[in-house]
Amino acid sequence: MIKVDVRQKAFGEEEILHDIRFAMEIGETVAILGTSGIGKSTLLRLIAGIDPAFEGRITRPEKIAMVFQEPVLLPWRSVLENLTLVHPELGTEAAHSALERIGILDKAQLFPGQLSLGQQRRLALARAFAGRPELLVLDEPYVSLDAATAEEMLALTEALIAETGPAVILVTHSQVEAHRLARRCLRLTGRPATIASDLATGSALLSRDVHHDRA
Amino acid sequence: MDCSCTLTKTLQSPALVRAFSLGLLLLLWIVAAELTADTSVLPQPWALWPSFAEAAASGALPYHLGMTLWRVVCAFVPAMAIGVALGYLMGRVPAVDQWLDPWLVVFLNLPALVLIVLCYLWIGLNETAAIIAVVLNKIPNVATILREGARALDPNLGAMAQVYRMRPLARLRHVVMPQLAPFIAAAARSGIAVIWKIVLVVEFLGRSSGIGFQIHFYFQLFDVAMVLVYALSFIGVMLLVEALILQPSERRVRRWRTA
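Residues numbered from 1 in each chain as written. Chains lettered and ligands numbered in written order. Predicted model: local features only at pLDDT ≥ 70, side-chain atom pairs only at ≥ 80, totals over all residues.

**Observations regarding the pairing of strand β3 (residues 29–33) of chain A**
Residues and elements named next belong to chain A.
Argument step 1. With five of its five residues buried, β3 lies for the most part within the structure.
Argument step 2. Burial along β3 is two-sided: T29, A31 and L33 facing one way and V30 and I32 facing the other are all buried.
Argument step 3. Here β3 pairs with strand β7 (residues 167–171) via four bridges, running parallel. Counted as the bridge partner of I32 is V171 from β7.
Argument step 4. Of the pairings in the sheet, the one linking β3 to strand β8 (residues 184–189) comprises four bridges and is parallel in character. When the sheet's bridge partners are listed, I32 is paired in β8 with L186. (Buried ≥ 20, exposed ≤ 12 C-beta atoms within 10 Å, placed from the backbone. Helix = DSSP H or I, 4+ residues; strand = E, 2+ residues; numbered from the N terminus. Pairing = 2+ DSSP bridges.)

**What to know about the packing of helix α4 (residues 60–92) of chain B against helix α7 (residues 127–151) of chain B**
Between two packed helices, what matters for the description is the angle formed by their axes and the separation of those axes.
Residue and element names in this part refer to chain B.
Argument step 1. Taken N-terminus to C-terminus, the directions of α4 and α7 make an angle of 35 degrees; their axes are 6 Å apart at the nearest point. α4 and α7 meet at a crossing whose hand is right-handed.
Argument step 2. Per-class residue counts for the contact of α4 with α7 are 20 nonpolar, five polar and five charged. (Axes fitted to C-alpha atoms, helices over the stretch in contact; angles between N-to-C directions. Left-handed = near helix turned anticlockwise from the far one by under 90°. Nonpolar A, V, L, I, M, F, W, Y, C, P; charged D, E, K, R; others polar.)

**Considering unusual backbone geometry**
Argument step 1. One non-glycine residue with positive phi stands out, namely D19 of chain A, at about 45 degrees.
Argument step 2. Note on placement: D19 of chain A falls in strand β2 (residues 14–24).

**Some thoughts on the sheet that holds strand β4 (residues 55–59) of chain A**
All names here are of chain A.
Argument step 1. Reading across from one edge, β2-β1-β4 is the order of the three strands in this open sheet, with antiparallel pairing throughout. Of all the strands in the sheet, the pair left with one neighbour each is β2 and β4. Neighbour to neighbour, the strand axes of the sheet diverge by 15 degrees on average, direction disregarded.
Argument step 2. As judged from the nine bridges shared by strand β1 (residues 2–11) and β2, these two strands associate in the antiparallel manner. Note on β2: the bridge partner recorded for A10 is E15.

**What about the interface of chain B and chain A?**
Argument step 1. Listed as interface residues are 14 residues of chain B and, on the opposing side, 18 residues of chain A.
Argument step 2. When residues of the side of chain B that touches chain A are traced back to their parent elements, those giving at least two are α8 (155–163) and α9 (168–206) of chain B.
Argument step 3. Of the residues assigned to the side of chain B that touches chain A, the class counts are 11 nonpolar, three polar and no charged. (Contact = placed C-beta atoms within 7 Å.)

**Description of the nonpolar core**
Argument step 1. Ranked by internal contacts, the top residues of the largest apolar core, which has 115 residues, are I32 and V137 of chain A together with V134, L146 and I195 of chain B.
Argument step 2. Mapping this core onto the domain boundaries places at least three of its residues in each of domain 1 (2–63 + 133–213) and domain 2 (76–131) of chain A.
Argument step 3. Apart from the residues within four sequence positions on either side, V134 of chain B is in contact with A75, I195, I198, V199 and V202 of chain B. (Core = buried A, V, L, I, M, F, W, Y, C linked by C-beta atoms within 7 Å. Domains from an automatic or database assignment.)

Now the structure itself:
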């Protein structure tokens, strides 16, 4: 059970978030939508526990994983070590099979800088799932990828979520991504931002929204 | 045409350029010695050989070289350790920075000589005072460089380490230290160069062994040849340290950038 109750989050005088409340179960996926600069990433940082400076209360599970807008890998450690150093409980064998799952097993001994951006993001995704998280936080994980790579990443994410079954909070601009991964959508609007709508989404909506989205 | 081409090509090899540049320095020395024409003021490079052979054979040169090197190591290790820790704290915790920054400015501007004399006066003419004087001279430089490094740490990597609950030791070793490595390397290289010069002053003023002491001794005898023999021997040792220890370790930590 994840309970988010943010009464107020401010940077200095400026209030960014106000009265954001929702609860979700393990296994549920929630998408957070909103225009850029509204405070989606700020909210994610609160939920993930990176930023403890806010008024309110967040109940979160022990095992959390996050995929950032950038891959955020350790560029000075090998691809394999990027998994095993972050998850020391993961054996070499499990790490190898995680790399195999995302199709970069042959690159295990390279440095992340030697991978393509798409491969780096897949590695970041593998790192997130390797710890079998109860809560997975995705902060626009497919941003700045070309359409084909983004699609590949989306499919991979879907499969991994199905295998691991964590609670997922996804921030995105894209309705397509939101509808594809999430059963429920929170829309942030206003200044300070608050939840404008909390809707169940269905694949039925997909065909209608898909054309507006990438505009 | 052909000739100038091969010359340009040859000059592109870094090792050759280094050798050539050192050769020029040597040439300058020979010309200067020729012009002074007084071996007691500036002897020719080859005129140092007998003095060098004699000092090496008697065991005096290796002994004093060893003493100075030992003091350099004794001062270098704590100066780096304390300086890195202090600089990191100052870069990460603004309150520490605010409180310690004025101290840093004072110590950075305190002449090495003053610190050395004060240490000898307060602690006594002994090894402890000598080492402490050198360490105190070096810490502010290391701290200043490392403070910049700590300020430049990537907040995203910090967030990543926090979300995934990396253990403090693993975080230090795999997340923080690799980011600080270029700054530590810079501090170490400038540090070792400064430290050995300060060690020489310390020895000059109040020790009875080491290169500085020997230079003091031969200074009183106006023996330029021996002063040069001791100074050049130590420069040689430091070049070896640079080539055999500092450069390879720097190459190792930079490996991921060039891969």
